[in-house]
Amino acid sequence: MKRGLIYILLFLAGADLGAQSITIRDRSNFKPIKDVFVYSKDMQATSLSDSIGRLDLRTFDGHDTLIFQHPSFERLYLHRDSLVPQSSLFLSRIFHKIQTIEIKEHRWREYQVDAAHHILSIDSKTAALENPQTGADLLATSGQVYVQKSQMGGGSPMIRGFSANRVLLVLDDIRVNNAIFRSGNLQNAIMIDPLNIDETKVIFGPGSAIYGSDALGAVMSFRTMSPKIDTNKNITASIFGRWSSANNEKTIHSYIGFNKGKFASLTNFTISDYDGLKMGSNGPDDYLRKEYIERINGIDSIISNPNPQRQLFTNYQQINFSQKLLMQLTKKSQIQYTLYFTTSSNIPRYDRLIETRDDTLRNAEWYYGPQKLNMHTLKYSLTNGTKAFDSLQFSAAYQAYTESRHDRRFQSNNLRHRTENLDVITGNLSLIKNFDGNISLYYGAETNLNEIKSKGESEDITEGSIEEINSRYPESTWNSFAAYASLIKKTLKATYQGSIRYNFIHINAIFDTLIFPYPFAKATLDFGSLSGGIGANFKLTESLNIFSNFSSGFRAPNIDDLGKIFDSEPGNVVVPNDELKPENSYNLELGLKLKNEVSNLQFGFYTTYLDNAIVTRDFSLSGADSIIYDGELSRVQALQNATFAYIYGGYLSFKQEILQHLSVGANINYQKGFEQIEDQTFDELRHIAPTFGDLRLTYSKERIMCQLSTRFMETLEFKNMAESEKTKSHLFAKDGNGDPHSPAWFIINFNSNIQVYKNLKMGLSVENIFDRRYRTYSSGISAPGRNFICSLKWTF
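Residues numbered from 1 in each chain as written. Predicted model: local features only at pLDDT ≥ 70, side-chain atom pairs only at ≥ 80, totals over all residues. Heavy atoms only, no water.

### Let's talk about the environment of N259
Its place among the elements puts N259 in strand β17 (residues 249–260). Spatially, the C-alpha atom of N259 lies 45 Å from that of S782, the residues being 523 residues apart in sequence. When residues no more than four places from it in sequence are discounted, the contact partners of N259 are K228, I229, D230, T231, K233, N234 and A264. (Helix = DSSP H or I, 4+ residues; strand = E, 2+ residues; numbered from the N terminus. Contact = heavy atoms within 4.5 Å.)

Set out below in structure tokens:
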């Protein structure tokens, strides 16, 4: 009888505990977590979850904020009243990285709270919610980077008034910028596979002291997924599929990881197919694709487009593949090999296909050939401390890069082909030494060797004959050698940083004067550049920091500056100039950072002065100011160190948790910039984006994450446009006076990610809900109209 009574009492006690408890689970696999230490903020009440993850809430009655802590999971702060009995609470696992992995992926580690400058970080979870199609789209989703597009297979970031070869693209700590990165808008960001990116960092402002030439406006650093040693599973794999309605995108991505003992491998593969892009239905008629050129019976004919919202000749395909092999040699050393391969199909240059002359379409064909990058990287990391260093990393990389341009004028039989092949070898040695007093020295050396082969051909498409024409670039080499150092000191209340770098550049180019009357047969340039910076970050409270920095950057002339010949726009031809020297930027920035459990705020102001700016100006060739180029009388121009420019701006970025699972965030970016022109007056800088930003409302709980957002841009009126942009009327809408301008726009998007099953995730999104017809500033292609996106990801 007594034993039965005891059983009844135990059962009732257990039932009461179940009714007043929650179960703490692992967010990644939904398994219960035992031994989670939970305590009240005043430490007056504490408890541990039991063997099945259960926690008795009665211990914390009368208390406000509770803190959940476990060595393998992220710390969580919650209000007691927000916890519902008999529900589950999910914790996110911490993936610990040994120091060598951290050094391997980021040349100098940058902690966003302690850094003396503004850093944007986009993690894989945020990227998965936004579902970007390309690396350029990934940057644009941040709300802090403006992206221009000349065609669908493109995307040129515009950051703080700089773009193209004045911002630096870095992949797994290897610079992607090469000796033929041009000053016009680029499409190289599409070589980055967003489905293979673990984290993206944008370090705003000059970064030349760390990364060398080209880092004037920002460094965009992409870190791809890496193999892991000592994980719970020997084999991990995933397959992902996505469809988008606006361009009928079909994307398949898969990866497989293997690890055993001291060896790990990770393979990634993505293939994408994009059809013609459809623009929105509500907006300026100037953007409509009303006609196109089709060759019928050997004759170019202008055809009316039956669906003007469909942007004909925007389709292309993309393939990305990567293979990483990691070997742990000892407890303190490892070596990793990476193959990264990407290629595209032909990519139509849409803005050239809508360009007109005398109110008639100018180009029957204009497309980029397959853009190929084949990159091999070997990295060795060591954390066995010596007197000279505590950590060491050596990396060597080889890149084989190919790009080409193909164009034919309306009613012409000559299709021009210009092809460039580059071989790039990079070597980098980075060391870290820590001293007493929280002082760290980062130092090293780097070399970057570029060899360029270029050829030009003209094909008669009726007869099939081919003749040699002048190539875009001379046969040339561009070589860089550098040494750098940075010192960081941390105290309880401040972090101080100082850095310096010396670069020596050697350029050699040989011109074929038999094909084109170049003013010289050979050009050799040698010059050095010194850059650096100082900064400080002061900790005012536990969560509030202010920072300031002064830094300099440089961009050495490359082969695209020195040696190319091309038609920049109708009636103008740009020719080589062997008297170029580096351009230098000087930047001052002041900002504030606030970060705690519920708030994340950054805002700041900056100003930049660009000296010896390389710009296009009128020139002469053998005393002539005009020449016949490709059958057309063209004014001679050249890139020259002809002016200076200044830029100023500000930014605001915040995210605020307003309820337990609900947060609001916003980004707004303002910039203005001017360059001195030939008559000593000032003109707007071409790559200054109008004020832009976004506003987001995000809900995240257990298996679902969804976001309602708006993206926007203010109007850029005709009078505030750069003179070089005013002549490109085919890119812009017309204002009431018939002048080109870039009208304001905003769109509303809805994105969601749902954990349907423990191994299955589904993404459902609607972008541009109200089907706005718009173009981002200076773009040649209109943005997608209403776009339905569906994706599925199965992990096993």
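### Section: the nonpolar core
Counting 73 residues, the largest nonpolar core has V145, I159, V202, M220, F222, I507 and I559 as the members making the most contacts within it. Among the elements that take part in this core, strand β43 (residues 632–657) stands out by supplying five residues, more than any other. With residues near it in sequence (within four places) discarded, F222 still touches G135, L138, L139, L169, V170, L171, D172, I192, I197, E199 and T200. (Core = buried A, V, L, I, M, F, W, Y, C linked by side-chain atoms within 4.5 Å. Buried < 20%, exposed > 50% of the residue type's maximum accessible area, 1.4 Å probe, protein only.)

### A look at the sheet that holds strand β5 (residues 65–70)
Either a parallel or an antiparallel arrangement is found when strands of a sheet pair, and the pairing is made through backbone hydrogen bonds. Across the sheet, four strands lie side by side as β3-β2-β5-β6; this open sheet has antiparallel pairing. Lying at the two open borders of the sheet, with one neighbouring strand each, are β3 (46–48) and β6 (73–79). Neighbour-to-neighbour, the strand axes of this sheet turn through a mean angle of 15 degrees, independent of strand direction. (Pairing = 2+ DSSP bridges. Axes fitted to C-alpha atoms, helices over the stretch in contact; angles between N-to-C directions.)

### Overview of unusual backbone geometry
Backbone geometry at D172 places phi at a positive 50 degrees, although glycine is not the residue there. In the Ramachandran plot, N248 falls in the positive-phi region, its phi being about 50 degrees despite a non-glycine side chain. For N248, the location among the structural elements is in the loop between β16 (235–244) and β17.

### Concerning the packing of aromatic side chains
Considering all chains together, one arrives at 17 aromatic pairs under this definition. Lying over the aromatic face of Y606, R160 brings its terminal NZ or CZ to 4.0 Å of the ring centre. In this structure, K593 is placed above the aromatic ring of F547, and the distance from its NZ or CZ to the ring centre is 4.8 Å. (Phe/Tyr/Trp six-rings, centres within 6.5 Å; stacked < 30°, edge-to-face > 60°. Lys NZ or Arg CZ within 6 Å of the ring centre and 35° of its normal.)

### A short note on the pairing of strand β41 (residues 599–618)
Pairing analysis gives 12 bridges linking strand β40 (residues 583–595) to β41, with the strands arranged antiparallel. Of the residues in β41, the one forming a bridge with E589 is Y606. Where β41 and β43 come together, 18 bridges link them in antiparallel fashion. Directly across from V615, in β43, lies its bridge partner Q640.

### Some words on a nonpolar patch on the surface
A surface patch of nonpolar side chains, amounting to about 780 Å² of accessible area, comprises I239, I252, F269, I271, I319, V756, Y757, W794 and F796. Mapped onto the nonpolar patch, the elements with two or more residues apiece are β18 (263–274) and β50 (745–757). On the secondary structure map, F269 appears in strand β18. (Patch = residues over 30% accessible without salt bridge, like charges linked within 9 Å, V, L, I, M, F, W, Y side chains within 5 Å. Areas by Shrake-Rupley, 256 points an atom, 1.4 Å probe, with all protein chains shown as cover. Salt bridge = Lys/Arg side-chain N within 4 Å of Asp/Glu carboxyl O.)

### Some thoughts on the pairing of strand β42 (residues 626–629)
In β42, alternate side chains face the same way, and those of I627 and Y629 are buried while those of S626 and I628 on the opposite face are not. The pairing of β42 with β43 spans four bridges and is antiparallel. Note that in β43 the partner of S626 across the bridge is R635. Hairpin connection, β42 to β43: the antiparallel pair is bridged by two residues, and D630 has positive phi, about 50 degrees.

### So, the pattern of salt bridges
Counting across every chain of the model gives 41 salt bridges. For D56, the salt bridge goes to R58, with nearest N and O atoms at 3.1 Å. Using a relative accessible area of 19% as the deciding quantity, one classes D56 as buried. Note that K324 is salt-bridged to D172, the shortest N-O span being 3.3 Å. Of the two residues, K324 sits in strand β23 (residues 316–330) while D172 sits in the loop between β12 (168–171) and β13 (174–175), which places them 152 residues apart along the sequence. The exposure classification of K324 matches that of D172, with both residues buried. The network of salt bridges with common partners includes R166, R555, D561 and E583.

### Some words on the confidence of the model for the protein
Taken residue by residue, the protein gives an average pLDDT of 91. The fraction at 70 or more is 95%. Counting interchain partners and residues more than four positions distant, the pLDDT-below-50 stretch residues 1–15 has zero contacts. Low confidence marks residues 96–106, where pLDDT is under 50. Its contacts with residues over four positions away, or in another chain, come to 37 contacts. (pLDDT = per-residue confidence, 0-100.)

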